[in-house]
Amino acid sequence: MSSDNLPEIFEYIRLDGRFPHILCPGCGIGTVMNAMVRAFTELKLNKNRLCVVSGIGCSSRVPGYLDCDTYHTLHGRALPSATGVKLARPELEVVVIGGDGDILAIGGNHFIHTARRNINLSLIIINNFNYGMTGGQFSPTTPVQAIATTAPYGNLERGFNISEIAKSAGAVLVTRSTTYHAVHLKNMIKKAIQKKGFTVVEAISQCPTLYGRMNRLGSAVKMLEWLRDNTVSVAAPETKENENKLKIGVLWETESEEYTEVYQNLIKKAKGEKV
Amino acid sequence: MELLSGNEACAIGAIRAGVRFFAGYPITPSTEIAEYMAHELPKIGGIFIQMEDEIASICAMNGATAAGIKAMTATSGPGFSLMQEGIGYSCMTEVPCIIVNVMRGGPATGLPTRPAQGDIMQARWGTHGDHPIVALVPWSVAECFHLTVQAINISERLRLPVIILLDEIVGHMREVVSFPEKVDIYQPPKPTQGPDEFLLYGDDTNYDGPVVGFGEGYRIHLSGLTHRKDGFPTNDPKTIAWKMERLKNKIEHNKDWLWNFFYTDLGAETIIVCYGSTARSAFDAKKIYEKKSGKSIGIVRLCMIWPFPYERLTTLLRGAKKIIVPEMNQGQLSNEIERTVSPDVPVITVNRVDGEMLTPEEILNVLG
């Protein structure tokens, strides 16, 4: 199909029969995909040099709708798979997308070690506090006492602090945004892609069908309003009102040598060339 | 001429066959392959990466091959167990995958430094679902080199996982060998169609049609979900059946040229069917027995166990009165051999699972 008369963002969407998508009405994943594609558009990424990698889960279905090289890997394995792609072809822009269960539970070890290597990948974690694809089980980010199908009496386990783990494991940029703050989210994704090294965007999202319904959080709109009312910019003053709100924006940024570049130096050294 | 171990010969064979990426995790008795790769690959601009575990290793290797470069990993039993999901992913996405599994005693941690041939059935059926697989079993240092080259070419051509099964004896033993500088390398063809017409799974005849990797402008979609010819997921029963037939036929349509075995003296009444290091004991036993008795012993030595050469073995073993199958397991491949011969022909197994090598004497005991 020709995309001549369509907005620029359609450049990155597969228009040949991939729609309608599989996501539930009111799901936040579409908003994240929208922000992603707008980030690609504004950065004018060459879609023939772009590879979007995912694991398994609702969030991991996003690459199937994108018109670039797309790599729908195994549950939890998006990051090691993307590591192979990036090392084999460092010239490609490699973006990884996954959910809280995929990236942090089954893929938790890969998450830590990919951050430690500081390889140039941009990771978008869509955090909707539960496993959506399998029907609403608790995940490593489900709040204590929240209800899930495998936590019918309330979740006992404390949630992971994604940004603190990413930071201490070695990510060079850690940001957070939400599906309510769609433009802000796009800017966070842009920043992550532009920054060299392992970068993490936590995109807090609503799952009205499962997590929202089980925890009586109301409709998708109500959940978005909750995200609006319970988050605050990192730049906002430290008032009593802001104390218990989730910070959004750039949570951590530093500079460190990137893995594929360091590897090129290793190759020179092995060849006996001057580094 | 060089004095080399089987593990080193595998690594050298892989590099000669064009492997430029290795992802692995340390595990006895395969680690020398990773160490060799870490030392040599950067010198030729290749990549070695030590991953956080074997799951990550096979995924990184799959990612590198999906991006169009030849890649390999090496492991042993416990790591091979962890790699099973990545093997299935290679089957489904039809992206090459090369695993050297240097077999040690199992189950679990088992006998890290001791030989075994216990992963014969795991190599065939370790990952879930019906799937194609090729497994090669070298018996010498020279064959480690040649079968690794062959493994890489088969994997590139048929787009499926190929497993090289060494046992610890073959992996660690040293022999004086010399290898050719140049070997035949299979390069898959590139499509003549543009990205809008090209179908990644479009070749339904020999399954060795054109392929592309990431970054080649074809904007491909690889998925472990059962998919259509264009790579996108499906629940349509007819399309699912097409995909499953396709995976099966990759072997069915190509087994005649795939099968790889060696045989001698098949006119004998007794034939030993063997592979890997136990084949060395079998040849010793044959020599000793023939000298002592004046009677000949036949041998079929399998260089490839999967696909298993059922039809060929039925023909080759037709005249045999007795078949002997020595294995360093409790009888894995012997069941397949029983399926190929008439029920009146006894298949006598000689098994050893105590971490020691299966000796010529043990085979001589059943030769009588």
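Everything that follows concerns the structure shown earlier in this document.
Because the structure is a prediction, the values reported are computed rather than measured. (Residues numbered from 1 in each chain as written. Chains lettered and ligands numbered in written order. Predicted model: local features only at pLDDT ≥ 70, side-chain atom pairs only at ≥ 80, totals over all residues.)

Undergrad: Give a description of the nonpolar core that names residues and reports values.
TA: Within the largest apolar cluster, 176 residues are counted, with the highest numbers of intra-cluster contacts made by A:V85 and B:A135. Looking at which element gives the most residues to this core, the answer is helix α7 (residues 141-158) of chain B, with nine residues. Counting contributing residues, this core receives three or more from each of domain 1 (2-177) and domain 2 (262-367) of chain B. Those residues in contact with A:V85 that sit more than four places away from it in its chain are A:C51, A:V53, A:Y71, A:L92, A:V94, B:G63, B:A66, B:A67 and B:F214. (Core = buried A, V, L, I, M, F, W, Y, C linked by C-beta atoms within 7 Å. Buried ≥ 20, exposed ≤ 12 C-beta atoms within 10 Å, placed from the backbone. Helix = DSSP H or I, 4+ residues; strand = E, 2+ residues; numbered from the N terminus. Domains from an automatic or database assignment. Contact = placed C-beta atoms within 7 Å.)

Undergrad: Could you give me a rundown of the sheet that holds strand β10 (residues 246-253) of chain A, with the residues and numbers involved?
TA: Strand order in this open sheet of nine strands is β9(A)-β10(A)-β7(A)-β8(A)-β4(A)-β3(A)-β1(A)-β2(A)-β10(B), and the pairing throughout is mixed. On the outer flanks of this sheet lie β9 (231-233) of chain A together with β10 (221-223) of chain B, each paired with one strand and no other. Across the sheet, the mean angle separating the axes of adjacent strands is 20° when strand polarity is ignored. By the bridge criterion, five bridges tie strand β1 (residues 50-54) of chain A to strand β3 (residues 93-99) of chain A in an arrangement that is parallel. What sits directly across from A:S54, in β3(A), is A:I97. (Pairing = 2+ DSSP bridges. Axes fitted to C-alpha atoms, helices over the stretch in contact; angles between N-to-C directions.)

Undergrad: I'd like a description of the pairing of strand β16 (residues 347-351) of chain B, backed by residues and values.
TA: Within a regular strand, side chains alternate between the sheet's two faces. Residue and element names in this part refer to chain B. Bridge analysis of strand β15 (residues 322-327) against β16 gives five bridges, and the strand direction is parallel. Bridge assignment links V325 to a residue of β16, and that residue is T349. In the classification by handedness, the crossover that spans β15, the intervening helix α13 (residues 333-340) and the parallel β16 is right-handed. (Right-handed = clockwise from strand over helix to strand, strands pointing away.)

Undergrad: Could you give an account of unusual backbone geometry, naming the residues involved and the relevant values?
TA: All names here are of chain B. Here T28 and P29 are connected by a cis peptide whose omega angle stands at 0°. Assignment of secondary structure puts P29 in the loop between β2 (21-24) and α2 (31-40). Residue P307 follows W306 across a cis peptide bond; omega there is 0°. Despite not being glycine, E94 shows a phi value in the positive range, around 60°. By the element assignment, E94 lies in the loop between α5 (84-93) and β5 (97-105). A positive phi is found at Y207, a non-glycine position, where the angle reads about 65°. Mapping Y207 onto the fold places it in the loop between β9 (174-177) and β10. Look at Y207 and you get buried, because 20 C-beta atoms sit within 10 Å.

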